[in-house]
Amino acid sequence: MTASLAFARDTALLTARSLRAVPRVPERLLDVTIQPIMFILLFLYVFGSAIHVPGISYKDYMLPGIIGQSLAFGVIGAGVATSGDMTEGVIDRFRSMPISRLSIITGQVMGQFCEQVLGIVIVVVFGLALGWHPHLTGAHAVELVGLMALAMFAFTWLGVLCGMLVRSPEAVQGAGFIVMLPLAFLAGTFVPIAGMDAVPRAIAHWDPISALVATVRQLTEGVHSSGSWQLVHPEIAMALWCLVILAVCVPLALRRFNRTLAG
Amino acid sequence: MNERPVIEAIGLTKRFGEFTAVEDLDLNVQTGTVVSLLGPNGAGKTTTVRMLATLLAPDAGSARVAGYDVVREGAEVRRRISLTGQFAALDKNLTARENLVLMARLRGRDRREARVVADGLIERFAIADFRDRLVKNLSGGERRRVDLAAGLIDTPLVLVLDEPTTGLDPRSRQVVWSTIRSLIDDGVTLLLTTQYLEEADALADRVLLIDRGREVAAGTPAQLKAQVGEQRVDVIAADGAEFERLAALLREQFEISESTEQRTVSVAAPDEAEDLARVAATVAQAGIAVDEIALRRPTLDDAFLALTGHMAHEDASPEEVAA
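Residues numbered from 1 in each chain as written. Chains lettered and ligands numbered in written order. Predicted model: local features only at pLDDT ≥ 70, side-chain atom pairs only at ≥ 80, totals over all residues.

## As for the overall build of chain A
Then, in step 1: Within chain A, the regular secondary structure consists of 11 helices and zero strands.
Then, in step 2: Each helix and strand of chain A, ordered N terminal to C terminal, gives the series α-α-α-α-α-α-α-α-α-α-α.
Then, in step 3: Relative to the globule expectation of 18 Å for 263 residues, the C-alpha radius of gyration of chain A, 19 Å, shows essentially globular dimensions.
Then, in step 4: With the principal axes as the frame, chain A shows a C-alpha extent of 60 × 35 × 35 Å.
Then, in step 5: Classification of the 263 residues of chain A by burial places 46% in the buried group.
Then, in step 6: Across chain A, contacts joining residues at least 24 apart in sequence account for 80% of those joining residues at least 6 apart. (Helix = DSSP H or I, 4+ residues; strand = E, 2+ residues; numbered from the N terminus. Rg over C-alpha atoms; globule rule 2.2 N^0.38 Å. Buried ≥ 20, exposed ≤ 12 C-beta atoms within 10 Å, placed from the backbone. Contact = placed C-beta atoms within 7 Å.)

Now the structure itself:
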C-alpha cells in the first residue's frame, strides 16, 4: 500500500470512528443545534415584532443570518469534541501506533466537519419548517453550498486547533462563547449593521461573521449589504476569511500535534 | 547475553519547564525479559515510557527500540512497540469489540480479518461478557482488559504497560495479573511501570526503583527485597512486662527482631499466612496478652526507606536522596 493510500484509508477509518459517537452522544449534536434554534424562536416570536427591517419580512431577514452565524459556531462544537478526545487516552494510542500521524488529525477534522454539516442541516430544516422561503437559483444554490462547506471546513480546523491547545472541554466551551457570542450579535444577524452605534458598527464592518451572514442573506434573499468592502463583496470576503483561517490553523494544528503533547 | 537489548536508553532526560521529570536514566530491556519501573506518583515512570513510545521527545540522552532511534526513526519504533497507557486508551463511545476491530483495521487488516483478530482477543482476554457494551460503561478492570487486548493486535516486539493495575480493586488486579502472566508465559518482552512493590515482585525479572526521575536502585526482585526486608508478622504486646515474656517466648522458636519502645516483636514470615497462624498459636498457648498480631508486607515506602537510606552512604547527601 502506498503512503497516500494508507493515509486515505486511516483517515476514513478515523472519520468513521468519530462519527459513530454522534448517535451515542446525542448531546454533542444538541450543543450545536440548540443555540441557533433557541435564537430563532426567541427572535422570531419574542423580540422580532419590535424589529423592522425595510423591504423584507423579519423571518426572511433573520433566518439566513442565523445560518451564517451557525457556520462560525462550529468552532465551538469542534473545539469541545477535540479537547475531550485529547484528554482521553485514545489519541495517545493512535499516536503510538504505526499509522500516519497526519491521519489522526484529518480524521478528527473530517468527523467534526460531518457533524457540523448535520447540525446545519437540522437548523435549515427547522427554519424551513417555520415557513422560511429562500429564493434560490440553481447557480446560487451551488455557490452557497460550496461557500458553506468551505466555511465549516475552516471553522472546524480552527476548532480542532483550539481543542488541542486548550485541554479542557469546559474551558473551550466557555472561552468559545465569550468570543463568538459578541461577534455573532454584531454581525448583522438580528439587526441591520447600519443602525448600530459607531463603535459596534466599525467592528461589525470587519467582523468575519458579518461576511458569512451577508453572504447567506445575499444568496438566499437577494439582499445586498453595504458599509464596508467585505459587506459589499461578502462572497469574496467569506472565501478570503476561510482561506486565511485555514492558512493559519492547518500548519499550527499540525505542528502542535506533531510536537510533544505534555503530560 | 550478546543479543542487542530490545530497549536501550542512555542518559534519558526530560524537563517540563523548571521541573525535571526524568534525569539521566539508563534502561536496558533484554528480549524475553520483564523489567519493571517502580516508583511513586510523579517519579517519571509515565514520562519515560512516553519517550520510548515516541509520544514525547527527550531533552537529552537517547533511546533505541530494536535498534531504532525513538527520535529519528519514530515510525520504525512504533511498528515494534505497543504502549498501553495509564488511562485506558480506548474510544469510550465505541463498544469493546468495536474498539478492537478499529485498532485491527488501523493495523492494516481488512474488515473480515479485523473481526477474526478481535474475536480471538475477546476470547483470550475473557471479554465476551461485555464485548458489546460501550467502553464508557465498563468497570475499570474490564476496561484494562480491553486495553491490554488492543495493545496486542500484532504481537509487538516489546509491550509497554504503564501502571496496568493502578486504581483497580484487588480482584480486578488479580485478573489483570493473571492476564499479564499468561503474556509473559508466551514469551513477550515487557516493560511495566508500577507503584506497587508487590506487583513488580510478582511479575518482573528486573526492577528499577526510581524517584524524582532518577534511578535509586536496581536489581532482581529478590535482591531488592533482601535490602528491604521480607514480610513479617508483627506482634504488639499489651504492656512492658508482657513484651519481655513475648520476646523470650518467640526468640526460642523463630527468627525475630524486637522494638522495646513499640512493644513489638517482628517475626520473619516467608510462608505468610502459615507463619501468622503458627505465631498466633504460640502466643495464645502461652497466654500472653497482646494488642495486635498482623502480617506485614514491605511497601513501596519501606523500600524507599531501606534503599535510599542504603544509597545515602555511597552516594549523594541524605537530604537529596530522601527528600
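## Let's talk about the packing of helix α5 (residues 140-150) of chain B against helix α6 (residues 170-185) of chain B
Residue and element names in this part refer to chain B.
Then, in step 1: Packing of α5 against α6 leaves a shortest axis separation of 9 Å and a crossing angle of 15°. One finds that α5 runs roughly parallel with respect to α6. Considering only the axes of α5 and α6, their crossing is right-handed. The residues of α6 that touch α5, namely those facing Gly-140, Gly-141, Arg-144, Arg-145 and Leu-148, are Ser-172, Val-175, Val-176 and Thr-179.
Then, in step 2: Of the residues belonging to the contact of α5 with α6, the class tally is three nonpolar, four polar and two charged. (Axes fitted to C-alpha atoms, helices over the stretch in contact; angles between N-to-C directions. Parallel < 35°, antiparallel > 145°, perpendicular 65-115°, else oblique. Left-handed = near helix turned anticlockwise from the far one by under 90°. Nonpolar A, V, L, I, M, F, W, Y, C, P; charged D, E, K, R; others polar.)

## Quick notes on the sheet that holds strand β8 (residues 190-194) of chain B
Residue and element names in this part refer to chain B.
Then, in step 1: In space, the six strands of this open sheet follow the order β6-β7-β8-β3-β9-β10, with mixed pairing throughout. Each edge of the open sheet is held by one strand with a lone partner, namely β6 (81-84) and β10 (214-219). Ignoring strand direction, the axes of neighbouring strands in this sheet form an average angle of 15°.
Then, in step 2: Bridging between strand β3 (residues 34-38) and strand β9 (residues 206-211) involves four bridges; their strand directions are parallel. Within the sheet, the bridge partner assigned to Val-35 lies in β9 and is Arg-206.
Then, in step 3: Here helix α1 (residues 45-52) sits on the sheet and contacts β3, β6, β7 (158-162), β8 and β9; the angle it forms with β7, its principal contact strand, is near 150°. (Pairing = 2+ DSSP bridges.)

## Focus on the nonpolar core
Side chains of nonpolar character tend, in soluble globular proteins, to be buried together.
Then, in step 1: The biggest cluster of nonpolar side chains holds 96 residues, and the ones touching the most others in it are Ala-151, Trp-157, Leu-158 and Leu-212 of chain A together with Leu-100 and Ala-149 of chain B.
Then, in step 2: Filtering out sequence-adjacent residues up to four positions away, Trp-157 of chain A remains in contact with Val-109, Ile-245, Leu-246, Cys-249, Val-250 and Ala-253 of chain A.
Then, in step 3: Membership of the second largest hydrophobic core comes to 51 residues, among which are Leu-25, Val-34, Leu-83 and Val-207 of chain B. (Core = buried A, V, L, I, M, F, W, Y, C linked by C-beta atoms within 7 Å.)

## A word on the interface of chain B and chain A
Then, in step 1: Taken together, the contact between chain B and chain A spans 25 residues of the former and 19 residues of the latter.
Then, in step 2: Each residue belonging to the side of chain B that touches chain A can be placed in one class, and the counts come to 16 nonpolar, three polar and six charged.

## Considering unusual backbone geometry
All names here are of chain B.
Then, in step 1: A positive phi angle, close to 45°, is found at Glu-163, a residue other than glycine.
Then, in step 2: Here Glu-163 shows up in the loop between β7 and α6.
Then, in step 3: Note on Glu-163: 23 C-beta atoms within 10 Å, which makes it buried.
Then, in step 4: Located in the positive-phi region is Arg-263, a residue other than glycine, with phi close to 50°.
Then, in step 5: Its place among the elements puts Arg-263 in the loop between β12 (256-259) and β13 (264-268).

## Regarding the domain arrangement of chain B
Then, in step 1: Taken domain by domain, chain B holds domain 1 (7-227) and domain 2 (230-296).
Then, in step 2: Computed from C-alpha atoms alone, the centre-to-centre distance between domain 1 of chain B and domain 2 of chain B is 41 Å. (Domains from an automatic or database assignment.)

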